[in-house]
Amino acid sequence: MYMKLETVKEIVSSDLAKYDLKVTFPIRENGRLRSVIGRVMYQMQGKTITVTAMEFSRKYLENATDEQITGTIHHEAAHAIATICTGVNHSHDQYWKSIYYELDPEGHEDSEYTNDSEKDKSRRGMYKYVVRCSCCHRPIHYYYRRGPLIRAVENYPHWYKSKCCNADYEVVPYVDEH
């Protein structure tokens, strides 16, 4: 199965049009992507984040089913829409989820993004650390162990800046809020 890039662009344009937005960034295949199947690239402009490109793995476009590819396109389009509308990278937070579910209402039922799924519940107790913005305390990533990145952030917090506030990262113990 192979989905042409023109078809990908049409789906992204259709998704953005639902929010009265137009594609103002390149959408391209990337033959070098191996660890991700799609990604949205960003750039800081002052305190605002803008979308600079959307890329999809060529291997994925060549081998996945149309249904899988369409789900990935909606996923990446949701990232772009959330960022364009707010100027902030929302990762997979509630705002992003609301956009994603609207774009792909059927595709998320078994997804890792479904609220309070059994997968999420079982993972919650495993986290030990949160890397977050030291200014607004927005979580950036959750970790199970104190690996090299955790130690680097602890030892050199000024090397890592959050995209939301351009403030230093900080490491705090994970607290289950549910």
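Residues numbered from 1 in each chain as written. Predicted model: local features only at pLDDT ≥ 70, side-chain atom pairs only at ≥ 80, totals over all residues. Heavy atoms only, no water.

A. Layout of the packing of helix α3 (residues 66-86) against helix α4 (residues 94-103). Interaxial distance between α3 and α4 falls to 9 Å at its minimum, and their mutual angle equals 135°. Classified by the angle their axes make, α3 and α4 are oblique. Crossing hand, α3 versus α4: right-handed. Contact residues: α3 offers G71, H74, H75, A77, A78, H79, I81, A82, C85 and T86, while α4 offers Y95, W96, I99, Y100 and L103. In the contact of α3 with α4, the residues fall into ten nonpolar, five polar and no charged. (Axes fitted to C-alpha atoms, helices over the stretch in contact; angles between N-to-C directions. Helix = DSSP H or I, 4+ residues; strand = E, 2+ residues; numbered from the N terminus. Parallel < 35°, antiparallel > 145°, perpendicular 65-115°, else oblique. Left-handed = near helix turned anticlockwise from the far one by under 90°. Contact = heavy atoms within 4.5 Å. Nonpolar A, V, L, I, M, F, W, Y, C, P; charged D, E, K, R; others polar.)

B. Examining the pairing of strand β2 (residues 38-45) more closely. The pairing of β2 with strand β3 (residues 48-57) spans eight bridges and is antiparallel. The partner of M44 across the bridge, within β3, is I49. Counted along the chain from β2 to the antiparallel partner β3, the turn is two residues long, and its residue G46 has a positive phi close to 70°. (Pairing = 2+ DSSP bridges.)

C. Representation of the side chain of T83. Examined against the element boundaries, T83 turns out to sit in helix α3. On the accessibility criterion, T83 (1% relative accessible area) is buried. There is a polar contact of 3.0 Å between the side chain of T83 and the backbone oxygen of H79. Discounting residues that sit within four places of it in the chain, T83 has contacts with Y42, I49, V51, V88 and N89. (Buried < 20%, exposed > 50% of the residue type's maximum accessible area, 1.4 Å probe, protein only. Polar contact = N/O pair within 3.5 Å; in protein donor to acceptor, adjacent residues only side chain to side chain.)

D. Geometry of the sheet that holds strand β6 (residues 169-173). The three strands lie next to each other as β5-β4-β6, forming an open sheet whose pairing is antiparallel. Of all strands in the sheet, those bounded by a partner on one side alone are β5 (139-143) and β6. Shown here is a sheet whose adjacent strand axes are inclined to one another by a mean of 25°, direction ignored. Where strand β4 (residues 129-133) and β6 come together, five bridges link them in antiparallel fashion. By the bridge assignment, V130 is partnered in β6 with V172. Across the face of the sheet, helix α6 (residues 148-155) comes into contact with β4, β5 and β6 while running at roughly 115° to β6.

E. Molecular detail of unusual backbone geometry. A positive phi angle, near 55°, is found at D20, a position not held by glycine. Within the fold, D20 resides in the loop between α1 (5-17) and β1 (27-30). Here N166, not a glycine, exhibits a phi torsion of approximately 55°, which is positive.

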